[in-house]
2 protein chains.
Amino acid sequence: MKITEYNETKIQVALDCIIFGFDQEQLKLLLIKRDFEPEKGKWSLMGGFLKAKESLDEAAVRVLHSLTGLSHVYMEQLSAFGGVNRDPVERTVSIAYYALINIQEHNHELSNDFGAKWFDVEDLPHLIFDHMDMVQEAISRLRYKASVKPVGFELLPEKFTMRQLQKLYEAIHGRKIDKRNFVKKINSMDLLIKQNEKDKNSSKKGSFLYKFDKTKYNRKSENGFTFGI
Amino acid sequence: MKITEYNETKIQVALDCIIFGFDQEQLKLLLIKRDFEPEKGKWSLMGGFLKAKESLDEAAVRVLHSLTGLSHVYMEQLSAFGGVNRDPVERTVSIAYYALINIQEHNHELSNDFGAKWFDVEDLPHLIFDHMDMVQEAISRLRYKASVKPVGFELLPEKFTMRQLQKLYEAIHGRKIDKRNFVKKINSMDLLIKQNEKDKNSSKKGSFLYKFDKTKYNRKSENGFTFGI
């Protein structure tokens, strides 16, 4: 039995970018309208094809930027989607990347050229090909990560209330969380520094502000602590 | 600005299988000798090229079986490796898969056709291309998983001693673990059912045997508990 030698079967390799956004209230997904057949005019993830002289990571960055104007978005590889018929025209393997960004921070970059639009993750339109499978997997990955380490602190203001933090987790998990349990769990993680100031915007009494204690987090996580909600 | 339309750049897509094995003592890695140039005769992961009519998962299973005789090994996708020059002959994107198996259970399957051989993970030979990067990433993934959920219980006998369980975790993490801390942590996870029998092989006094409580694990993990060492 011989190991297969270099062969003639070449495949089209694509990148698809799954960009979630948080606007302090809800989790959203960035979509564009596909500009060519098949499925022209349908909502789609930001996708493109790998070129010969760029790495996968470089291609994902290029595709995202050329289709939306977004830059400085740190994307992580999700996984490779390789169903035989995922693209009806030509056999394509797609490497999906994902990120979770602060919508306000990036809004000025979003280019109108493709009419990139934010959709509520709970209310997505029909997507082309297997893009919905990709999105579902990305959401699972995000929720899984949130259950083992603090995610999303960079999406909040530098000082935030417990309510704002809870909204972030509710947005990621797509469900309401019991407030008392949430506060208890957050406190047990011991990762917040309570400030001496209150936020008076949400209520007359005001709510305490907190900061994320990154130093303590780094130290604890090096010692094998896992956190998460 | 146009979305790139269907294009002519086709890429060679490969699969590489990273098979770890546990023999109740150490973590090992299965390697074969590459059968064609370049790097003929060098140690390599089990790899092959994607065919037009098979999915990525099917290809990984086929490649593993054809090169080692192994079957019924559940592999998970690790990630896609897409450095421009990872293969000096031709631009290749490789999708890496990995698994952790019980060596004794599969030894009868291992085919001698390629001289597949187990190596101690702490003492690997030089590997071709970026296979060592792939292996490192797979090891990190395994360790990360072990830190958030119980892994590897299927690699142990149905009833096992605390010492055997500790050896599994030491093999995964590549370092000795303090026995008292280990026992304390395992007990706090509350996932073992202590048996009424002792294993007398390792010592005259004998060591208690335990079973993994899968029902309790499923219930706890549905309620958001994370475990791990």
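Within any chain, residue numbers begin from 1 and follow the written order of that chain's sequence. Chain labels run from A onward and ligand labels from 1 onward, assigned in the order the entries are written. Local features in a predicted model are, by the rule used here, given only for residues with pLDDT of at least 70; side-chain atom pairs are given and counted only at 80 or more, and totals for whole chains, interfaces and linings are based on all residues. Hydrogen atoms and water are omitted, and side-chain values are computed over all heavy atoms in the structure.

## A look at the sheet that holds strand E10 (residues 207-212) of chain A
All names here are of chain A.
- Strand pairing is assigned whenever DSSP identifies at least 2 bridges connecting the two strands. Comment: elements are numbered from the N terminus, with helices defined as DSSP H or I runs of at least four residues and strands as E runs of at least two. What the three strands build is an open sheet, ordered E8-E10-E9; its pairing is antiparallel. The strands lining the two open edges of the sheet, one partner per strand, are strand E8 (160-161) and strand E9 (192-199).
- In this sheet, E10 lies alongside E9 in antiparallel orientation, the contact comprising five bridges. In the sheet register, Leu192 faces E10, and the bridge partner there is Phe212.

## Re the nonpolar core
- Judged by nonpolar contacts, the single largest core of 56 residues is most densely connected at Ile19 and Ile95 of chain A together with Ile19 and Ile95 of chain B.
- Breaking this core down by element, the ones donating at least two residues are strand E1 (12-22), strand E2 (27-33), helix H1 (56-68) and strand E6 (92-102) of chain A together with strand E1 (12-22), strand E2 (27-33), helix H1 (56-68) and strand E6 (92-102) of chain B.
- If we ignore the near neighbours within four places in the chain, the residues touching Ile95 of chain A are Val13, Ala14, Leu15, Asp16, Leu56, Gln77, Ser79 and Ala80 of chain A together with Ala80 and Ile95 of chain B. To form a nonpolar core, buried Ala, Val, Leu, Ile, Met, Phe, Trp, Tyr and Cys residues must be joined to one another through side-chain atoms within 4.5 Å. Relative accessibility thresholds used throughout: buried, under 20% of the residue-type maximum; exposed, over 50%; partly exposed, between the two (1.4 Å probe, protein chains only). Contacts are residue-level and defined by heavy atoms, with any inter-residue pair within 4.5 Å sufficient.

## Digging into the relation of the copies chain A and chain B
- Superposing chain A onto chain B requires a rotation of 180° together with a translation of 0.0 Å along the rotation axis, leaving an RMSD of 0.0 Å. Such a turn and shift between the copies fits a two-fold axis.
- When the interface residues of chain A are mapped onto chain B, 98% of them again fall at the interface, so both copies present the same face. In superposing the copies, a least-squares fit is computed on C-alpha atoms, taking residues whose pLDDT is at least 70 in both.

## Quick look at the domain arrangement of chain A
Residues and elements named next belong to chain A.
- The domain boundaries here were taken from an automatic or database domain assignment. According to the domain assignment, chain A contains domain 1 (12-148) and domain 2 (158-222).
- Domain 1 and domain 2 are separated by 29 Å when their C-alpha centres are compared.
- Facing ten residues of domain 1, the contacting portion of domain 2 comprises seven residues.
- Buried area counts how much accessible surface, traced with a 1.4 Å probe, disappears from two parts once they are put together, with both parts' losses summed. Regarding the contact of domain 1 and domain 2, the summed buried area is about 820 Å², with carbon and sulfur atoms giving 62% of it.

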